[in-house]
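One letter stands for each residue in the lines below.
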Amino acid sequence: MNINNYFEQIGTGSPIVFIHGSNASTSSWKKIIEQLAKSYHCISIKLPGHCGTPDPVDFDQPTIDTELNIVQSVVAQLTNEPIHLVGHSYGGVVALAQALKGNLNIGQMTLFAPVAVWVRGGGSDNEMSLAVANFLTRYRQDVNNEVPYACGQVIDFWAGIGAFESLPHFIKDGMAPLTNNIIRHWDVCTTWISRLHDLQQCMIPTRLVCGNQSNPGANAICEHLNELLPT
């Protein structure tokens, strides 16, 4: 694997490492990086199967280590300074897993709506957990049946019904080939489970960011992480 294919970088200064989400690319950070690159070394990770990178080879038994090995290799090649690790959506899941693995010098971390669905417990979360389960069942069936634009169901689930339809056609057409990768992301998010003790022992200063109009499940994840992470 040529690790140079898995990142973009711009700017100088303290390093900030960005990890984009599903159905996305390094362009997700474009406006932010345009400002930060004036003072920081901005490193954007390209997830496997996105941004022109090869598909991962673990579709049969997905593991988040596939992403973690890429992030670790890129950071080791580009800097030996403490990094600010930033992740959005599935990228937030990867960033959190990277922090818990403990093999990088992470000075601080920012997670935008991380879809770490495994952190949600019982009680008040039962209804949302059932909604996630029902969504995944229908989504997998439609993908297997090759329903056109089945990929749009993920966008509508997180952003509301009609969100996918409102996107330009070139964006929708760009998402369609990523369907199998997104199924893999869901497999990782629902099966990668770290002990709650690991979260409670994570001493990396962490910002959790979610929107006041976000999917309630996404906000619930942030709420749980806020309760579990000590800093």
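Residues numbered from 1 in each chain as written. Predicted model: local features only at pLDDT ≥ 70, side-chain atom pairs only at ≥ 80, totals over all residues. Heavy atoms only, no water.

A. Summary view of the packing of helix α2 (residues 65–78) against helix α3 (residues 90–101). In the contact formed by α2 and α3, the axes pass within 10 Å of each other and the chain directions differ by 75°. Considering their axes alone, α2 and α3 lie roughly perpendicular with respect to each other. The residues of α3 that touch α2, namely those facing D65, E67, L68, N69, V71 and Q72, are Y90, V94, A97, Q98 and K101. (Axes fitted to C-alpha atoms, helices over the stretch in contact; angles between N-to-C directions. Helix = DSSP H or I, 4+ residues; strand = E, 2+ residues; numbered from the N terminus. Parallel < 35°, antiparallel > 145°, perpendicular 65-115°, else oblique. Contact = heavy atoms within 4.5 Å.)

B. Structural detail: the nonpolar core. By size, the foremost hydrophobic cluster in this structure holds 56 residues, and its most contacted members are I64, Y90, Y139 and W186. Non-local contacts of Y139, meaning those with residues more than four positions away in its chain, are made with A150, C151, Q153, V154, T179, I182, I183 and W186. Counting seven residues, the second-largest nonpolar core is a separate cluster that includes I16, F18, W29 and C42. (Core = buried A, V, L, I, M, F, W, Y, C linked by side-chain atoms within 4.5 Å. Buried < 20%, exposed > 50% of the residue type's maximum accessible area, 1.4 Å probe, protein only.)

C. Focus on the side chain of T53. Tracing the backbone through its elements, the reader meets T53 in the loop between β3 (40–45) and α2. Classification of T53 as buried rests on a relative accessible area of 8%. Within the structure, the side chain of T53 is placed 2.9 Å from the backbone oxygen of L47, a separation counted as a polar contact. In this structure the side chain of T53 is engaged in a polar contact, spanning 2.7 Å, whose partner is the backbone oxygen of H50. (Polar contact = N/O pair within 3.5 Å; in protein donor to acceptor, adjacent residues only side chain to side chain.)

D. Representation of the pattern of salt bridges within the structure. Applying the stated rule across the entire model yields six salt bridges. Across the pair E8 and K46 runs a salt bridge whose closest N-O atoms are separated by 4.0 Å. In this pair, E8 is assigned in strand β1 (residues 7–10) and K46 in the loop between β3 and α2, connecting sequence segments 38 residues apart. For K46, a relative accessible area of 15% gives the class buried. (Salt bridge = Lys/Arg side-chain N within 4 Å of Asp/Glu carboxyl O.)

E. Region of interest: the environment of G13. Mapped onto the elements of the fold, G13 is located in the loop between β1 and β2 (14–19). Taking C-alpha positions, G13 is 5.8 Å from S39, a pair spaced 26 residues apart along the chain. With residues near it in sequence (within four places) discarded, G13 still touches S39, Y40, H41 and E81.

F. Looking closely at the packing of aromatic side chains. The tally for this structure, following the rule as stated, stands at nine aromatic pairs. Consider the rings of W29 and F112, whose centres lie 6.3 Å apart with planes at 55°: the pair is tilted. Residue W29 is found in the loop between β2 and α1 (30–36), and its partner F112 is found in strand β5 (residues 106–112); the two are separated by 83 residues along the sequence. Judged by relative accessible area, F112 falls into the partly exposed class, the value being 27%. (Phe/Tyr/Trp six-rings, centres within 6.5 Å; stacked < 30°, edge-to-face > 60°.)

G. Molecular detail of the layout of surface pockets. In this structure, the largest pocket spans a volume of roughly 660 Å³. Around the largest pocket sit 27 residues that line it, and S22, N23, H88, S89 and I155 are the ones nearest its centre. Looking at the lining of the largest pocket, the elements with two or more residues in it are α5 (152–159) and α7 (179–191). Among the residues making up the lining of the largest pocket, the classes are represented as 15 nonpolar, 12 polar and no charged. The volume enclosed by the second largest pocket comes to roughly 180 Å³. Looking at the lining of the second largest pocket, the elements that each hand over two or more residues are β2, α1, β4 (83–88) and β5. Classifying every residue of the lining of the second largest pocket by side-chain character gives 10 nonpolar, five polar and no charged. (1 Å grid on protein atoms, 1.4 Å probe; cavity = no way out; pocket = protein on both sides within 12 Å on 5 of 7 lines; lining within 4 Å. Points joined across faces, edges and corners; volume = space filled by probe spheres on them. Nonpolar A, V, L, I, M, F, W, Y, C, P; charged D, E, K, R; others polar.)

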